[in-house]
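The lines below spell out each chain.
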Amino acid sequence: MWSCITLYNRPQVCFTPDLQPEWLLALICIFIGCICITTTVILLASSHFDRNVIPYARWVGFAASMY
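Residues numbered from 1 in each chain as written. Predicted model: local features only at pLDDT ≥ 70, side-chain atom pairs only at ≥ 80, totals over all residues. Heavy atoms only, no water.

Undergrad: Could you give me a rundown of the packing of aromatic side chains, with the residues and numbers involved?
TA: What describes a pair of aromatic rings is the distance from one ring centre to the other and the angle between the planes of the rings. Inspection of the entire model under this criterion finds one aromatic pair. Aromatic pair Trp59 and Phe62: ring centres 5.9 Å apart, planes at 90°, arrangement edge-to-face. Of the two residues, Trp59 and Phe62 both sit in helix α2 (residues 54-66), three residues apart, roughly one turn of that helix. (Phe/Tyr/Trp six-rings, centres within 6.5 Å; stacked < 30°, edge-to-face > 60°. Helix = DSSP H or I, 4+ residues; strand = E, 2+ residues; numbered from the N terminus.)

See below:
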């Protein structure tokens, strides 16, 4: 993936972005949190039909709050 920048009629500068390990870890945690929240919402919606999934929805929601 390339990122290119052109400022005020200057020549275009292109580079490949490098993620620092801290930012990569933050990005991974955000993705995991989004997946956990989506799973929690789906489990809560399905708990309307089957009450046995409520504990799973609680634990996945708790995991989402950690991320």
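Undergrad: Got a sec to walk through the UniProt feature "transmembrane region" (unreviewed entry) in the protein? Specific residues and values, please.
TA: In the UniProt entry, the feature "transmembrane region" (unreviewed entry) is given for residues 23-45. Annotation note: span residues 23-45, helix share 100%, strand share 0%, distance between end C-alpha atoms 33 Å. (UniProt positions renumbered as here; feature names shortened; annotations may be inferred.)

Undergrad: So, unusual backbone geometry: which residues are in play, and what are the values?
TA: A positive phi is found at Tyr8, a non-glycine position, where the angle reads about 45°. Along the chain, the position of Tyr8 falls in the loop between β1 (3-5) and β2 (13-15). The exposure class of Tyr8 is exposed, given its relative accessible area of 77%. (Buried < 20%, exposed > 50% of the residue type's maximum accessible area, 1.4 Å probe, protein only.)

Undergrad: Which residues make up the packing of helix α1 (residues 21-46) against α2, and what values do they have?
TA: The interhelical angle for the contact between α1 and α2, taken along N-to-C directions, is 160°, at an axis separation of 8 Å. The pairing of α1 with α2 is recorded here as roughly antiparallel in orientation. The element α1 and its partner α2 pack so that their crossing is left-handed. Here Gly33, Cys36, Ile37, Thr39, Thr40, Leu43 and Leu44 of α1 lie close against α2, whose contacting residues are Tyr56, Ala57, Val60, Gly61, Ala63 and Ala64. (Axes fitted to C-alpha atoms, helices over the stretch in contact; angles between N-to-C directions. Parallel < 35°, antiparallel > 145°, perpendicular 65-115°, else oblique. Left-handed = near helix turned anticlockwise from the far one by under 90°. Contact = heavy atoms within 4.5 Å.)

Undergrad: Tell me about the state of the cysteines, and name the residues and values.
TA: Counted by the stated rule, this structure contains one disulfide. In this model, Cys4 is linked to Cys14 through a disulfide, with the two sulfur atoms separated by 2.1 Å. On the sign convention where negative is left-handed, the bridge of Cys4 and Cys14, at about 110° about the S-S bond, is right-handed. Of this pair, Cys4 sits in strand β1 while Cys14 sits in strand β2, and the two are 10 residues apart along the sequence. On the basis of relative accessible area, Cys4 is assigned to the partly exposed category, the value being 41%. Cys34 takes part in no disulfide bond, and the closest cysteine sulfur to it belongs to Cys36, at a distance of 9.4 Å. Judged by its relative accessible area of 43%, Cys34 is partly exposed. (Disulfide = S-S within 2.5 Å.)

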